[in-house]
Amino acid sequence: MSFDPQRFIDISKELQSGQTEAHYRSIINRAYYGAFGHIRNNLGIAVFDTSVHQEVIRTLINSTEISKKKAGKRLENLFKKRKEADYLHRIEIKAHNCQFCVNEAEEIIKLFDSE
């Protein structure tokens, strides 16, 4: 049985009932990985080191399809937000950023799947 990474987005939605910064950071992380995993699997990119994120983003941005290019730019921005949530513990993550990231992950998937 294979796992559908989009289920991470479902988890991020479930976490939205939480009110702590740990919830907020986890929401952003799971939303990103939902979109990233869906796209990586569909592109067939099997790199498993830290450069896999850049490889997926670069593949999208270099696509000849406009929707894939847009998805790449948006995934790159969501990747930055995920890194901030995961590693910049001195900055405060606000609840309103979470809903944006969940919506963005869903929109990125729609763009990717559109052509």
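See above for the structure.
Only a predicted model underlies this, so the values are computations on that prediction, with no experimental measurement involved.

### Let's talk about a positive patch on the surface
Side chains of K69, K73, K80 and K83 sit close together on the surface and give a patch of like positive charge. Looking at the element boundaries, K69 is found in helix α4 (residues 66-87).

### Quick look at the packing of helix α1 (residues 7-15) against helix α2 (residues 21-43)
For the pair α1 and α2, the least separation of the axes is 7 Å and the interaxial angle reads 160°. Relative to α2, α1 is oriented roughly antiparallel. In this structure, α1 meets α2 at a crossing whose hand is left-handed. Between α1, through F8, I9, I11, S12 and L15, and α2, the contact on the second element is made entirely by H23, S26, I27, R30, A31, Y33, G34 and A35. A per-class count over the contact of α1 with α2 returns eight nonpolar, four polar and one charged.

### Section: the packing of aromatic side chains
The final tally for this structure, using the stated rule, is five aromatic pairs. Taking the centre distance of 5.5 Å and the plane angle of 15° together, the rings of Y32 and F36 count as stacked. Of this pair, Y32 and F36 both sit in helix α2, four residues apart, which is roughly one turn of the helix. Given the relative accessible area of 0%, Y32 is considered buried. Residue F36 is classed as buried on the basis of its relative accessible area of 4%. Taken together, the ring pairs in this structure connect Y32, Y33, F36 and F79 into an aromatic cluster. Over the ring of F8 we find R30; its NZ or CZ atom is 4.2 Å from the centre of that ring. The positively charged end of K68 is found above the aromatic ring belonging to F112, 4.7 Å away from the centroid.

### Overview of the packing of α2 against helix α5 (residues 95-113)
Two numbers describe how α2 lies on α5: the axes approach to 8 Å, and their chain directions differ by 10°. In terms of their interaxial angle, α2 and α5 are classed as roughly parallel. Across the interface between the two elements, Y24, I27, I28, A31, G34, A35, H38, I39, N42 and L43 from α2 touch A95, N97, C98, C101, V102, A105, I108, I109, F112 and D113 from α5. Taken together, the residues of the contact of α2 with α5 break down into 15 nonpolar, four polar and one charged.

### Things to note about the pattern of salt bridges
Summed over all chains, the structure comprises 10 salt bridges. E65 is paired through a salt bridge with K68; the nearest N and O atoms lie 3.3 Å apart. Overall, the relative accessible area of 27% leaves E65 in the partly exposed class. A relative accessible area of 10% means that K68 is categorised as buried. Among the ionic pairs, K110 bridges to E107, the shortest N-O distance being 3.5 Å. Note that K110 and E107 are positioned in helix α5 at a spacing of three residues, about one turn of the helix. Given a relative accessible area of 32%, E107 falls into the partly exposed group. When salt bridges with common partners are traced through the structure, they connect D4, R7 and D10 into a single cluster.

What counts, and at which threshold
Residues numbered from 1 in each chain as written. Predicted model: local features only at pLDDT ≥ 70, side-chain atom pairs only at ≥ 80, totals over all residues. Heavy atoms only, no water. Patch = residues over 30% accessible without salt bridge, like charges linked within 9 Å, V, L, I, M, F, W, Y side chains within 5 Å. Areas by Shrake-Rupley, 256 points an atom, 1.4 Å probe, with all protein chains shown as cover. Salt bridge = Lys/Arg side-chain N within 4 Å of Asp/Glu carboxyl O. Lys, Arg positive; Asp, Glu negative; His and termini not counted. Charge placed at Lys NZ, Arg CZ, Asp CG, Glu CD. Helix = DSSP H or I, 4+ residues; strand = E, 2+ residues; numbered from the N terminus. Axes fitted to C-alpha atoms, helices over the stretch in contact; angles between N-to-C directions. Parallel < 35°, antiparallel > 145°, perpendicular 65-115°, else oblique. Left-handed = near helix turned anticlockwise from the far one by under 90°. Contact = heavy atoms within 4.5 Å. Nonpolar A, V, L, I, M, F, W, Y, C, P; charged D, E, K, R; others polar. Phe/Tyr/Trp six-rings, centres within 6.5 Å; stacked < 30°, edge-to-face > 60°. Buried < 20%, exposed > 50% of the residue type's maximum accessible area, 1.4 Å probe, protein only. Lys NZ or Arg CZ within 6 Å of the ring centre and 35° of its normal.

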